[in-house]
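# What the coordinates show
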Amino acid sequence: VDIQSPHGTLYAKHKGDHLAIVSADVDEDSRGKGHGVALYQALAAHAANLGLPVHSDNTVEDGAVHVWEALKRRGHAVQRHPKAAPIEGGGGYFVSGGGLKTPVFTLAPPSEATKNAAPKLGFGETGPGGERWITVHPHGEDGPGHPILIRQSAHDPTRARVIGGAGGKMTH
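Computed from a predicted structure; not experimentally measured. (Residues numbered from 1 in each chain as written. Predicted model: local features only at pLDDT ≥ 70, side-chain atom pairs only at ≥ 80, totals over all residues. Heavy atoms only, no water.)

Quick look at the environment of valine 67 now. With respect to the element layout, valine 67 can be found in helix H2 (residues 62–73). With 26 residues separating them in the primary sequence, valine 67 and glutamine 41 have C-alpha atoms 9.8 Å apart. (Helix = DSSP H or I, 4+ residues; strand = E, 2+ residues; numbered from the N terminus.)

Laid out in structure tokens, this is it:
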């Protein structure tokens, strides 16, 4: 799964029963502005469509720790491994004694109760946060359409951000 935006990229691999984040990078000028969170949310949406959890690596740098914490604050089911310890001198977390495959963070897919409680949006309907589904045709009107979930800017109604859909393959 390769998710790209004008501000960075996130790459994850399908590992049978979960998606594992392989790498994430946000341009230095774009850090601290929510762009990393948007990339992770796009991956979370893709994983939810597959019914799979998302796993971090067994070492997570400080910047990514902030992203995982932001996801949790936004209501995602993020769990930090109980054996995750701070890296000496700051700068993130690691899991020792759990083996190389033990993730520091896990993002569980939404439960059926959560899915059923979430508002269902049809095409063209707008949700409480300004989100709505649209169809894009990246290869022209005759090409296949891809449904994407966008959130309209609160400050500029002519701008919107992709927040989900297209199987995590939306590029800008």
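Moving on, we get to H2. Every α-helical turn comprises 3.6 residues, leaving residues that sit three or four positions apart pointing alike. Taking 1.5 Å per residue as the helical rise, H2 with its twelve residues ought to reach 16 Å, and the 17 Å between its terminal C-alpha atoms agrees with that figure. Within H2, the full set of buried residues consists of Val65, Val67, Trp68, Ala70 and Leu71. One or two residues past the end of H2 sits glycine 75, with phi positive at roughly 95°. (Expected span 1.5 Å × (residues − 1). Buried < 20%, exposed > 50% of the residue type's maximum accessible area, 1.4 Å probe, protein only.)

Before going further, it helps to examine the packing of helix H1 (residues 35–50) against H2. Relative orientation of the contacting elements H1 and H2 amounts to 65°, with a least axis distance of 9 Å. As H1 packs across H2, the resulting crossing turns out to be right-handed. Here Gly36, Val37, Tyr40 and Gln41 of H1 come into contact with H2, specifically with Ala64, Val67, Trp68, Ala70 and Leu71. Broken down by class, the residue content of the contact of H1 with H2 amounts to seven nonpolar, two polar and no charged. (Axes fitted to C-alpha atoms, helices over the stretch in contact; angles between N-to-C directions. Left-handed = near helix turned anticlockwise from the far one by under 90°. Contact = heavy atoms within 4.5 Å. Nonpolar A, V, L, I, M, F, W, Y, C, P; charged D, E, K, R; others polar.)

Let us look at the confidence of the model for the protein. On average, the protein scores 78 in pLDDT, and the residues at 70 or more come to 77%. The weakest mean pLDDT in the protein belongs to helix H3 (residues 112–117) at 46; the strongest belongs to strand E4 (residues 54–55) at 94. Predicted confidence is poor over residues 113–119, with pLDDT under 50, and the contacts of this stretch with residues over four places away or in other chains come to two contacts. Taken together, the stretch residues 168–172 has pLDDT below 50 and engages in 14 contacts with residues farther than four places along the chain or on a different chain. (pLDDT = per-residue confidence, 0-100.)

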